[in-house]
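Reading the structure
Each chain is listed here by its residues.
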14 protein chains.
Amino acid sequence: MDNLGLIGMISVATAGITIGLGAIGPALGEGRAVAQALAAMAQQPDESNTITRTLFVGLAMIESTAIYCFVVSMILLFANPFWDYVVKKAGG
Amino acid sequence: MDNLGLIGMISVATAGITIGLGAIGPALGEGRAVAQALAAMAQQPDESNTITRTLFVGLAMIESTAIYCFVVSMILLFANPFWDYVVKKAGG
Amino acid sequence: MDNLGLIGMISVATAGITIGLGAIGPALGEGRAVAQALAAMAQQPDESNTITRTLFVGLAMIESTAIYCFVVSMILLFANPFWDYVVKKAGG
Amino acid sequence: MDNLGLIGMISVATAGITIGLGAIGPALGEGRAVAQALAAMAQQPDESNTITRTLFVGLAMIESTAIYCFVVSMILLFANPFWDYVVKKAGG
Amino acid sequence: MDNLGLIGMISVATAGITIGLGAIGPALGEGRAVAQALAAMAQQPDESNTITRTLFVGLAMIESTAIYCFVVSMILLFANPFWDYVVKKAGG
Amino acid sequence: MDNLGLIGMISVATAGITIGLGAIGPALGEGRAVAQALAAMAQQPDESNTITRTLFVGLAMIESTAIYCFVVSMILLFANPFWDYVVKKAGG
Amino acid sequence: MDNLGLIGMISVATAGITIGLGAIGPALGEGRAVAQALAAMAQQPDESNTITRTLFVGLAMIESTAIYCFVVSMILLFANPFWDYVVKKAGG
Amino acid sequence: MDNLGLIGMISVATAGITIGLGAIGPALGEGRAVAQALAAMAQQPDESNTITRTLFVGLAMIESTAIYCFVVSMILLFANPFWDYVVKKAGG
Amino acid sequence: MDNLGLIGMISVATAGITIGLGAIGPALGEGRAVAQALAAMAQQPDESNTITRTLFVGLAMIESTAIYCFVVSMILLFANPFWDYVVKKAGG
Amino acid sequence: MDNLGLIGMISVATAGITIGLGAIGPALGEGRAVAQALAAMAQQPDESNTITRTLFVGLAMIESTAIYCFVVSMILLFANPFWDYVVKKAGG
Amino acid sequence: MDNLGLIGMISVATAGITIGLGAIGPALGEGRAVAQALAAMAQQPDESNTITRTLFVGLAMIESTAIYCFVVSMILLFANPFWDYVVKKAGG
Amino acid sequence: MDNLGLIGMISVATAGITIGLGAIGPALGEGRAVAQALAAMAQQPDESNTITRTLFVGLAMIESTAIYCFVVSMILLFANPFWDYVVKKAGG
Amino acid sequence: MDNLGLIGMISVATAGITIGLGAIGPALGEGRAVAQALAAMAQQPDESNTITRTLFVGLAMIESTAIYCFVVSMILLFANPFWDYVVKKAGG
Amino acid sequence: MDNLGLIGMISVATAGITIGLGAIGPALGEGRAVAQALAAMAQQPDESNTITRTLFVGLAMIESTAIYCFVVSMILLFANPFWDYVVKKAGG
């Protein structure tokens, strides 16, 4: 249970929890936005172009918070500066 | 309880929790979007094409957050860089 | 309490928790979608074909998140790479 | 507190928690679907056939997530590969 | 605190928690379904036969998830394969 | 803190928690069903017979989940196979 | 901290928690039923006899879940088979 | 930290938590019942006698669950059979 | 960390938590009752006497659960039988 | 970490948590009562005297539960019988 | 980790948590009261004087619970009797 | 891990948690008040002056609870009497 | 695990949790305010100037609580007085 | 498990949790704002320009809280002053 093992363990656990936790909010938020978009279309079919455009911009904004989590998760798995340091030190 | 065992344990646990946790949000969000799509169709049957198209785009966006979790879970099980390192080291 | 025992324990626990946790979201989401489909049918009986078709596509999408969890759970029980490694090592 | 005891303990605990946790979501989801089916019937008695048919398909889908949990629970009790391995090893 | 004691303890605790946890969802789901059935009857007294029949099918489906929990709880108390193994081993 | 003490402790604790936890769901579910029955009677006084009959069947179904918990709780207190085994062993 | 002390401690703690936890559900459920009964009376004063009768039956059913908890709590305090056993053994 | 101290500690803690936890449900339930009684009176002033009578019966039922908790709390403080036993034993 | 210190500590902690926890329910319940009383007065100013009288009876009932908690808290601080026993014993 | 230190620590922690926890319920309850009073005034400006009077009585009742918590918190800080005892003993 | 250090630590932690926890309830309660005051003004602009006056009295009552928490927090930081005692003792 | 280190650690942790926790309530309360102010303006544009004035007074009151938390957090970081004492003692 | 390491660890953890926790409230509060502003504009397009101005003032107030958290988080990372002290001491 | 390892571990864990936690609030808040924008457009298609502009300003404000979390997360991974210090010290 040296530094290499500990930092490896924590990196694995954090990578999973970050994206697991970070998927809840965006999924619920997008679900709400999509649901309301469909309700708005049913109410004003003539505005479906404007509604679709606004919906896509909004989804992109919401998705961005999920992307942040995914990016951090990928960094922790494949470009982890702490892991690189301890591996380099262990191999030196 | 050496590094190999610890990183293996954490990888197993994280792989499961990531997808288990990450399935809650998307499932609820998609449920809401589908429910509203059906309500919209009942209200405006003539717009069912536009509604269906928007619904599918929305479901794809929401599903993407579940896919992120599944991808991380699969990486942890079958392409885990930390596990590969400790296995290589243990076998060396 | 060697590596073999620890990885076995965690695999058992994770397999169960993954599907136990992963069943909550899809079940609630599908319940909502089905409930709304029935309400939509009562409101627009003439559209029951379109509603049924959209419902089935939606249920398939939602069910997919439960399937992800079931797949990970089955992999952990019957095709667990970490378990295979420690068993092979213990038997070597 | 050797491997045999630990894997046995965890298997017992996980078998119960999996189905205990996995029963909450489906029961609530089915309750919602049935409740809405009854409301829909009261609103459109002439459509009771279509409603009943859709309800049964929906309940089957929701029940499937409970079945996944029950299957994993049964596997853990009666066809547990980890337990079989440690028993065979202890008996060898 | 040998294997026999540990597996006995966990079996007792899991048997209770499984049914205690597993009773919450079905009870709430059935309460909702029954409540809606009564409201539907008050709205459409002429359809009370169809409503009652659908209600009973629905309650049976919901009750099934409670039954799963009860079955696992009974198996853990009276036909527990792990307990049988350690007792046989202790008695051998 | 031998097996006898541990299994006794866990049995006491589980017996109480099982029924304590298992009383929440049924009480809330029955409260909802009774409340709706009273509302239905106020809306359709002429159907009070049908409503009462359906209510009683529904309450019996919901109460059954509380009964499961009570049965498990009583088994743990007065017909506990694990306790009987350790007492017999301690007395032998 | 022998068996006698441990089983005594757990019995005291469980007796309190059982009834403390078990009072939440029934109290909320009865509150809901009584509130709806009063609303129903205000809506249909002529049916106050039927409403009162149904309310009392319903309250009795809901109270029964609180009674189960109280019974288990009293058994744990004054007729606890585990405590009787360890006292008899300690006194022997 | 002998048996006397442990059972005393647990008795003190349980006595407080039992009534602290047990006061939440009844207080919320009674608040709901009283609130609805006032609304019913404002809607049907002529029925205030029937409403008041039903309210008092209902409050008595709800209060009974708080009384159970208070009784258990008082028993634990002033007529605790486990404490009496260890005191008698310590004094013997 | 002898018995005297432990029982003192637990008594202090329990006295505070009992009233801290026990104040939440009554405060919310009373807030609801008072709010509804004001709404009822605004709807039926002529009934303000009956409403006020019923409100006060109801508040007294709800306050009683807070009083139970306060009484137990005061007993634990100033008339604690367990503390009296250990002090007498320590002083003997 | 003798008795003096332990009882001091617990008294400090409990004094803060008691009032911190005890402020949540009353603040929310009073917020609801005040909000409804303002709504009632807007609906029936002529009754603002009766409403104000009832509001003040109600706020006093709700505030009383916060006062109980504050009193217990002050007793624990400045008139703590357990602290006085251990200080007197330490100083003797 | 002597008494001085422990009581200092707990005082710091409690001072922060008391006000941190105690700010949630009042902020939400005041938010509700202010929101309703604005709604009432929009509905009855002529009563804005009475509404404002009642709002300020209500806000003062709600703020008082936050003030209690702030007072306890300040006492713990700057006039802590337990800290004064241990400092005096350490310095003696 | 002497007193200096412990009090430093706890001060850092508490400073962050106090403001982190204390920001939730005010932010939600202000969000509600602002939202209702906007709704009120849309309903009664002529009263926008009175509404704005009342809103600002209300926001100031709600913000005050966040300020209390920020003040305590700053005191813990930059004018911490416990830290000053241990630093002076360590430097003496 | 000397003072330097401990204070460094806690500072890192607190810096992240403070802003992570402190972002939830403001984000939800601002979401509500913006949503209501859009609803108000749709209802009273002529008042969009007043609404926009009030919205911006409100957002600034709500954002301020997030800013407090960000400021504390930055202080902990880059101007931490406790870290500076232990670094200076370690370097002396 | 020296300072280098501990600070590395905590930095990894905090970086993930900060963004994982910090993504929930903004995603939900943005989802609400976008949903309401779509509803507002359907109600007042002529105001879609004003609505879109206000929506974008609001989304930017809400996104800012997610950005704060992302910034802190990036600082912890790539410009962590505590890590830099311990690395420099370890390398010296």
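Residues numbered from 1 in each chain as written. Chains lettered and ligands numbered in written order. Predicted model: local features only at pLDDT ≥ 70, side-chain atom pairs only at ≥ 80, totals over all residues. Heavy atoms only, no water.

Focus: the overall build of chain A
Counting its regular elements, chain A contains four helices and zero strands. Each principal axis of the C-alpha distribution contributes one length, and for chain A these read about 70 × 20 × 10 Å. For chain A, with 92 residues in total, the buried portion stands at 66%. Looking at chain A alone, contacts between residues at least 24 apart form 79% of all its contacts between residues at least 6 apart. Here chain A displays about 3000 Å² of accessible surface, and carbon together with sulfur accounts for 61% of that area. (Helix = DSSP H or I, 4+ residues; strand = E, 2+ residues; numbered from the N terminus. Buried < 20%, exposed > 50% of the residue type's maximum accessible area, 1.4 Å probe, protein only. Contact = heavy atoms within 4.5 Å. Areas by Shrake-Rupley, 256 points an atom, 1.4 Å probe, with all protein chains shown as cover.)

Focus: the interface of chain B and chain A
Between chain B and chain A, the residue contacts involve 43 residues of the former and 47 residues of the latter. Of the roughly 3800 Å² buried between chain B and chain A, counting both surfaces, carbon and sulfur atoms make up 80%. Joining chain B to chain A, the criterion identifies zero salt bridges. Seen at the junction of chain B and chain A, the total is five residue pairs in polar contact (both at pLDDT 80 or more). Going through the elements one at a time, helix H1 (3-22), helix H2 (24-43), helix H3 (48-78) and helix H4 (81-91) of chain B are the ones with two or more residues in the side of chain B that touches chain A. Of the residues forming the side of chain B that touches chain A, the biggest block, 15 residues, is contributed by H3(B). Among the residues making up the side of chain B that touches chain A, the classes are represented as 24 nonpolar, 16 polar and three charged. (Buried area = accessible area lost by both parts, 1.4 Å probe. Salt bridge = Lys/Arg side-chain N within 4 Å of Asp/Glu carboxyl O. Polar contact = N/O pair within 3.5 Å; in protein donor to acceptor, adjacent residues only side chain to side chain. Nonpolar A, V, L, I, M, F, W, Y, C, P; charged D, E, K, R; others polar.)

Details of the side chain of Thr50(F)
Tracing the backbone through its elements, the reader meets Thr50(F) in helix H3 (residues 48-78). On the basis of relative accessibility, which here comes to 15%, the residue Thr50(F) falls in the buried class. In this structure, Thr50(F) is in contact with Met41(E) and Ser48(E), ignoring residues within four places of it in sequence.

Concerning the relation of the copies chain N and chain A
Rotating chain N by 26° and translating it 0.0 Å along the rotation axis places it on chain A, where the RMSD comes to 0.0 Å. With a heterologous cut-off of 20% or less, the 17% of interface residues of chain N that recur at the interface of chain A puts this contact in the heterologous class. (Least-squares fit on C-alpha atoms with pLDDT ≥ 70 in both.)

As for the environment of Val12(C)
Among the secondary structure elements, Val12(C) is positioned in helix H1 (residues 3-22). Take Val12(C): its relative accessible area is 0%, and that puts it in the buried class. When the C-alpha atoms of Val12(C) and Leu77(C) are compared, they prove to be 7.0 Å apart, with 65 residues separating the residues in sequence. Excluding anything up to four places from it in sequence, Val12(C) contacts Ile10(D), Ser11(D), Thr14(D), Leu76(D), Asn80(D) and Phe82(D).

Examining the UniProt feature "transmembrane region" (unreviewed entry) in chain A
Taking the numbering used here, the UniProt-annotated feature "transmembrane region" (unreviewed entry) corresponds to residues 55-79 of chain A. Each end of residues 55-79 of chain A is marked by a C-alpha atom, and these two atoms are 34 Å apart; helix forms 96% of the span and strand 0%. (UniProt positions renumbered as here; feature names shortened; annotations may be inferred.)

Some thoughts on helix H2 (residues 24-43) of chain F
Look at H2(F): 29 Å from first C-alpha to last across 20 residues, which is about the 28 Å you get at 1.5 Å a residue. Across the 20 residues that make up H2(F), a large majority, 15, are buried. (Expected span 1.5 Å × (residues − 1).)

Points about the UniProt feature "domain: V-ATPase proteolipid subunit C-like" (unreviewed entry) in chain A
Taking the numbering used here, the UniProt-annotated feature "domain: V-ATPase proteolipid subunit C-like" (unreviewed entry) corresponds to residues 15-76 of chain A. As annotated, residues 15-76 of chain A comprises 92% helix and 0% strand, and the C-alpha atoms at either end are separated by 6 Å.

Considerations on H3(F)
Residues and elements named next belong to chain F. For H3, with 31 residues, the first-to-last C-alpha span of 42 Å sits near the 45 Å given by 1.5 Å per residue. Residue Thr65 marks the point of greatest curvature in H3, where the axis turns by about 25°. In terms of residue burial, H3 counts as a mostly covered element, since 22 of its 31 residues are buried. (Bend = angle between axes of the 7 residues up to and from the residue.)

A word on the environment of Gln44(L)
Residue and element names in this part refer to chain L. Mapped onto the secondary structure, Gln44 falls in the loop between helix H2 (24-43) and helix H3 (48-78). Under the relative-accessibility criterion, Gln44 is labelled partly exposed at 22%. In the structure, Gln44 is positioned 35 residues away from Ala79 in sequence and 48 Å away in space, judged by C-alpha atoms.

Digging into the relation of the copies chain B and chain A
The operation relating chain B to chain A is a screw motion whose rotation component is 26°, with 0.0 Å of axial translation and a residual RMSD of 0.0 Å. The overlap is low: 19% of the interface residues of chain B also sit at the interface in chain A, so different surfaces are used on the two sides.

Overview of the packing of helix H3 (residues 48-78) of chain A against H3(B)
Here H3(A) crosses H3(B) at 0°, and the two axes come no closer than 11 Å. Compared by their axis directions, H3(A) and H3(B) come out roughly parallel. Between H3(A) and H3(B), the residues in contact are Ser48(A), Leu55(A), Phe56(A), Leu59(A), Glu63(A), Ala66(A), Ile67(A), Phe70(A), Ser73(A), Met74(A), Leu77(A) and Phe78(A) and Thr50(B), Thr54(B), Val57(B), Met61(B), Ser64(B), Thr65(B), Tyr68(B), Val72(B), Ile75(B) and Leu76(B), respectively. Class assignment of the residues belonging to the contact of H3(A) with H3(B) gives a composition of 15 nonpolar, six polar and one charged. (Axes fitted to C-alpha atoms, helices over the stretch in contact; angles between N-to-C directions. Parallel < 35°, antiparallel > 145°, perpendicular 65-115°, else oblique.)

A few points about the interface of chain N and chain A
Taken together, the contact between chain N and chain A spans 47 residues of the former and 43 residues of the latter. Note on chain N versus chain A: buried area summed over both sides is about 3800 Å², and carbon and sulfur give 80% of it. Where chain N meets chain A, there are zero salt bridges. Counting every contact that joins chain N to chain A gives five residue pairs in polar contact (both at pLDDT 80 or more). Among the elements of the structure, helix H1 (3-22), helix H2 (24-43), helix H3 (48-78) and helix H4 (81-91) of chain N are those that each provide at least two residues to the side of chain N that touches chain A.

Considerations on the packing of aromatic side chains
One pass over the structure, following the stated rule, counts 42 aromatic pairs over all chains. On the basis of an interplanar angle of 75° and a centroid distance of 4.6 Å, the ring pair of Trp83(J) and Phe82(K) is categorised as edge-to-face. In this pair, Trp83(J) is assigned in helix H4 (residues 81-91) and Phe82(K) in helix H4 (residues 81-91), connecting two distinct chains. Overall, Trp83(J) belongs to the buried group, its relative accessible area being 9%. What links up through ring pairs into an aromatic cluster is the set Phe82(A), Tyr85(A) and Trp83(N). (Phe/Tyr/Trp six-rings, centres within 6.5 Å; stacked < 30°, edge-to-face > 60°.)

Quick look at the side chain of Ser64(J)
As for its placement among the helices and strands, Ser64(J) is situated in helix H3 (residues 48-78). In terms of polar contacts, Ser64(J) uses its side chain to reach the side chain of Glu63(I), at 2.7 Å.

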